[in-house]
Structures are given as structure tokens and as C-alpha cells.
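Survey of secondary and tertiary structure
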Amino acid sequence: MQENHKAAISDIVFLICCWAMIAGFIWSRAVLSISMIVLATLALFPNNTKINLKQWLRSKFAVLCLFFFAAHLISGLWSSHFEEWQKDTVTKLSFVVMPLAMLQVSLVNKKLQQIFITGINLLMLLGVCYSLITVYKDVVLYSESYTIPTTRYNDHIRFGLALVMTLITAAYIIFEFTGEK
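Here is a short report on the structure shown in this document. On a predicted model such as this, the values are computed, not experimentally measured, just so you know.

All right, on to the overall build of the chain then. Check the secondary structure of the chain and you find nine helices and zero strands. The order of α-helices and β-strands along the chain, N terminus first, is α-α-α-α-α-α-α-α-α. When burial is assessed residue by residue, the chain has 36% of its 181 residues classed as buried. When contacts within the chain are restricted to residue pairs at least 6 apart in sequence, long-range pairs at least 24 apart make up 70% of them. Carbon and sulfur atoms provide 69% of the accessible area of the chain, an area that totals close to 11000 Å².

Okay, structure coming up:
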């Protein structure tokens, strides 16, 4: 009974942190960093470290995310813009943290999956609406401009990564947890 209660609390914290991570991609770098730290801490909690790392290494999806992050990390050795590379590295760290955190939570409950995906999709919809409203306010300016506004800081990379993470998260849940192809 107590084990189920702990698992339920862990799932709720996981959901909140994942939603905070997506919101952080769009509106706040601090929220992004804090949510990633909490997710990594939960995944590496002393009682779960060995089990979580084994699960993580067995997951093809997680290993591919690790390779993606490693490729970016290695590319920094040739970067002449070290500060920019550092910022991008922190952002791309979510590609390692998210699968690690996902593997520690049991998303076999269909209702929990739906709540998870719905929350992430709503956050991304709010981000897209924010962008569209900003364009609508000054259509002439943005029709002549090369870019459209994307996030609070107009950071196209973080906004694009948030969209990619949303698609990856949906695909991960569909293929890893439901078993339905």
C-alpha cells in the first residue's frame, strides 16, 4: 500500500517537472534548469540509481538520446563560440534527463498517459498561440521580417527544441509504454 502511494507521488512530481521543463523551454530558462535538476535528482535517488541506469542503458530510445547529446558535447571542442555552446549544452541536456526520468515512472496507467500528453500539448499550444498573437499584433513588421516571435526571449532554438521534445515525448510514450505500433 505504501509502495503504491510513493509511486503515485513520484508520478505526480514527474508530471509537474516534465510540464515545467516544457514551460521552461518556452518562457523561462530558470524553470527549465530547475525542472531538469529535480528530474535528474529523482532518477538518481540513492535507492534507484543502479536500477534506473540499467533500465536507461537497455532503452534504445534513451541510448539514442545520449548519442545525440554526446555529439553536441563533442562538437563544442571545435566551437569558437564557447558561451553559446555552453547555453545550448544545458538546453540539450534535457535529451538525456527526460528519458532517464521517464524510465523511473510507471506510465502504464492509460489515464496518467493521457494527462501527461494533454498537459504537454496544451503548454505547446499556448506557446504557439503566444507566437501567433504577437505576429497578429504587428503583421506588417513580421511579414517583412526574417523570423517570427517564438518565446518570451525570442529564442528560436529553445522553441524548436520544445516542439521536438513534445513530439519525442509523445512518440516515446506511444512506442515504449503502450507497445502499440
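There is more to say, and it comes next.
Turning our eyes to something else, we now look at helix 7 (residues 110–137). Between its terminal C-alpha atoms helix 7 stretches 40 Å, which fits the 40 Å expected from 28 residues at 1.5 Å a residue. Listed in full, the buried residues belonging to helix 7 are Leu112, Gln113, Phe116, Gly119, Ile120, Leu123, Met124, Gly127 and Ser131.

Attention shifts here to the nonpolar core. By size, the foremost hydrophobic cluster in this structure holds 26 residues, and its most contacted members are Phe14, Met21, Ile22, Phe25 and Leu39. Looking at this core, the elements with two or more residues in it are helix 1 (2–27), helix 2 (29–43), helix 6 (94–102), helix 7 and helix 9 (156–177). Here the element with the most residues in this core is helix 1; it accounts for nine residues. Not counting the four nearest positions on each side in its chain, Met21 is found in contact with Leu32, Ser35, Met36, Leu39, Ser94 and Met98. Ala43, Phe69, Val96 and Leu100 belong to the second-largest nonpolar core, a separate cluster that totals six residues.

The rules we used
- Residues numbered from 1 in each chain as written.
- Predicted model: local features only at pLDDT ≥ 70, side-chain atom pairs only at ≥ 80, totals over all residues.
- Heavy atoms only, no water.
- Helix = DSSP H or I, 4+ residues; strand = E, 2+ residues; numbered from the N terminus.
- Buried < 20%, exposed > 50% of the residue type's maximum accessible area, 1.4 Å probe, protein only.
- Contact = heavy atoms within 4.5 Å.
- Areas by Shrake-Rupley, 256 points an atom, 1.4 Å probe, with all protein chains shown as cover.
- Expected span 1.5 Å × (residues − 1).
- Core = buried A, V, L, I, M, F, W, Y, C linked by side-chain atoms within 4.5 Å.

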